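Below, each chain spelled out in residue letters.
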There are 2 protein chains.
Amino acid sequence: MSPTLSDFEARATRDPAPAPAKRPSVADNQSCLVAKVSQLIDMSDLELSALSQLQTEERSFARDEVLFSVGDHHQDLYIVQEGWLFNAIDAPDGRRQIVNIYHPGDIIGFPDIALSTRTTDLVGVTAGSICPFPKSGLGTIFREAPRLAALLLSIALREETVLIDRLRVFSRSSAQARVAYLFLELNARLRCTTGSDDNTLYMPLNQHEIGDSVGLTNVSVSRAVTALEERGLIATASREVRLLDMKALIEMCDFEDRYAQVVTDWFP
Amino acid sequence: MSPTLSDFEARATRDPAPAPAKRPSVADNQSCLVAKVSQLIDMSDLELSALSQLQTEERSFARDEVLFSVGDHHQDLYIVQEGWLFNAIDAPDGRRQIVNIYHPGDIIGFPDIALSTRTTDLVGVTAGSICPFPKSGLGTIFREAPRLAALLLSIALREETVLIDRLRVFSRSSAQARVAYLFLELNARLRCTTGSDDNTLYMPLNQHEIGDSVGLTNVSVSRAVTALEERGLIATASREVRLLDMKALIEMCDFEDRYAQVVTDWFP
DNA sequence: CGCAGCCTTGAGATTACTCAATCAATGTGG
DNA sequence: CCACATTGATTGAGTAATCTCAAGGCTGCG
């Protein structure tokens, strides 16, 4: 039996070893994008074929590999097949802002397609692979599969809502609240794909990278994590975080789960 | 001659008196959305009629009026016809995050349509009016006018890029840099609609509201503005800000103008 | 003239940052 | 199998920035 999307996801989150075993090409079965979209809506044959035509070869990446950089010209979106990545912007003072953390099934590079060049670097957190998806294929989708086009807009708008949530948290809250928010968000996202619900999450980012995500230094992250542990809100193992007191965590950073629902009532 | 979009904009930014004079209804000429979209691309007759059918009655609002609140169910997007508004989220500790500031021609409520309820409050900064646009009309656009649908996605993605820029600035930068960024962003947005290029901008927000926008207290805003003036980077009058040293301002907050361009090469 | 809203300024408290040293975990080569 | 190097996490001490609380000033308006 060939692997399904959830197989990929489970493997990616539990076994992020640097050298991934030989996997069957995605073309063996279906494209990453088809898998991703199938999760969200049922597709007609027409829609399926429109999507499948956009299939291109997957590309693998290594831990810490930079897949593209700010200023690069681009032709593609990517769908994550396996592994974690993030995109980031380097500030002139040497600090870095991690903008988004990507997991299997996520779409990478969406905001950039309205501009001519990349606005962020893309970096591998673990080893893994991504499926390119030519930007020009979007035209086809909009022309031939309006319902899929509407779904893409929905995905973009949900990303925007999440960014607004983060803006609120990161511009006002304490170090502990910021770290708590990051853990809660990752948990919400991973839960809706992997289905595990014990509120334990795999965390391949080191504390410096966590700091780059939430706007803190590695030292402040360390202190915040320690404080959250001492308060009994979380427990950390080697590369795992367990959220012990969801209610308190959610309350301290005013977290909202935006991944639970997608409204489709206005779709064509 | 009935007013054009740019008439509205010029009036809104230069004459934000609390009680707007009687204006002809937008139906006299064309819908707000048609005007907005015409700015960005040329439309075929088919596209024009698809858009025009979505016309509904405009609604006026007063300074400080709350037009909708977090949790409200919604059916509409809005296009700003005249005046300024912002949307905001109240934090449990009594502070408030202003998420977005809207000017004539802007689309309000876009991120919310992927969710069932409002995620922010909408508040009038000056008096003005907005044109509702039923969410269900989006389905029509996606079905019948794919190029307009693609344009909507572009607009959403540009909003997202701007949010990413803000996340970077507000989670790391100094008070002066945050305030400078806000002024630069407002200037860039107003310039592309009003066309004035002397880098002087109308600023109806008080310092408390500026603080709510950039994640500072009113006291810190006051100190930051004073410091920027003392350094000769800006000058402030009663309700105006003049940007004296664009180069230094842009450099201190790493500002990027995302409003100058929209790439349409992938459009159907 | 006096009130109200907004802005400014001061002083002390809080919070995160920087710099630096130490500790822990992991992996490598002899 | 163990010394050693490397990377990441922790802890301490002092610094810098913003926040809070509070008082006072300016401006526009009834």
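Preceding this section is the structure that the text describes.
Attention in this report is confined to the structure presented alongside it.

What about the pairing of strand E7 (residues 121–124) of chain B?
Residues and elements named next belong to chain B. Every second residue of E7 is oriented toward a common face, with Asp121 and Val123 on one face and Leu122 and Gly124 on the other, all of them buried. Bridge analysis of strand E2 (residues 66–68) against E7 gives two bridges, and the strand direction is antiparallel. Residue pairing in the sheet places Val66 in a bridge with Val123 of E7. Both strand E4 (residues 85–90) and E7 contribute to a ladder of four bridges, which runs antiparallel. Bridging from a neighbouring strand, Phe86 pairs with Val123 of E7.

Some details on the side chain of Arg118 of chain B
Residue and element names in this part refer to chain B. As for its placement among the helices and strands, Arg118 is situated in the loop between strand E6 (107–108) and E7. For Arg118, the side chain forms a polar contact with the main-chain oxygen of Asp76, separated by 3.1 Å. The residues touching Arg118, leaving out its near neighbours within four places in the chain, are Phe68, Ser69, Val70, Gly71, Asp72, His74, Asp76, Tyr78, Gly109 and Asp112.

Thoughts on the interface of chain B and chain A
When the parts of a complex come together, some accessible area is lost, and that lost area is often used as the size of the interface. Contacts between the two partners involve 52 residues from chain B and, on the opposite side, 52 residues from chain A. Around 4,900 Å² of area is buried between chain B and chain A when both sides are counted, 67% of it from carbon and sulfur atoms. Counting the surface chain B buries against chain A, the share from its top three residues, Phe142, Leu167 and Arg172 of chain B, is 16%. Our count for the chain B to chain A interface comes out at two salt bridges. In this structure, the salt-bridge partner of Asp265 of chain A is Lys135 of chain B, at a minimum N-O distance of 3.4 Å. For the pair chain B and chain A, the number of links is 14 residue pairs in polar contact (both at pLDDT 80 or more). Contributions of two or more residues to the side of chain B that touches chain A are made by strand E5 (96–102), helix H4 (137–144), helix H5 (146–172) and helix H7 (207–214) of chain B. In terms of residue count, H5 of chain B provides more of the side of chain B that touches chain A than any other element does, 19 residues in total. Counted by class, the side of chain B that touches chain A contains 27 nonpolar, eleven polar and 14 charged residues.

Comments concerning the nonpolar core
Among the nonpolar cores identified, the biggest contains 89 residues, and Leu243 of chain A together with Ile234 of chain B are the most heavily contacted of them. For Ile234 of chain B, the contacting residues outside a window of four places in its chain are Phe183, Val225, Leu228, Glu229, Val241, Arg242, Leu243, Leu244 and Leu249 of chain B. In this structure, Cys32 and Ala149 of chain A together with Leu54 and Leu138 of chain B belong to the second largest nonpolar core, which totals 62 residues.

About the cut-offs
Residues numbered from 1 in each chain as written. Chains lettered and ligands numbered in written order. Predicted model: local features only at pLDDT ≥ 70, side-chain atom pairs only at ≥ 80, totals over all residues. Heavy atoms only, no water. Buried < 20%, exposed > 50% of the residue type's maximum accessible area, 1.4 Å probe, protein only. Helix = DSSP H or I, 4+ residues; strand = E, 2+ residues; numbered from the N terminus. Pairing = 2+ DSSP bridges. Polar contact = N/O pair within 3.5 Å; in protein donor to acceptor, adjacent residues only side chain to side chain. Contact = heavy atoms within 4.5 Å. Buried area = accessible area lost by both parts, 1.4 Å probe. Salt bridge = Lys/Arg side-chain N within 4 Å of Asp/Glu carboxyl O. Nonpolar A, V, L, I, M, F, W, Y, C, P; charged D, E, K, R; others polar. Core = buried A, V, L, I, M, F, W, Y, C linked by side-chain atoms within 4.5 Å.

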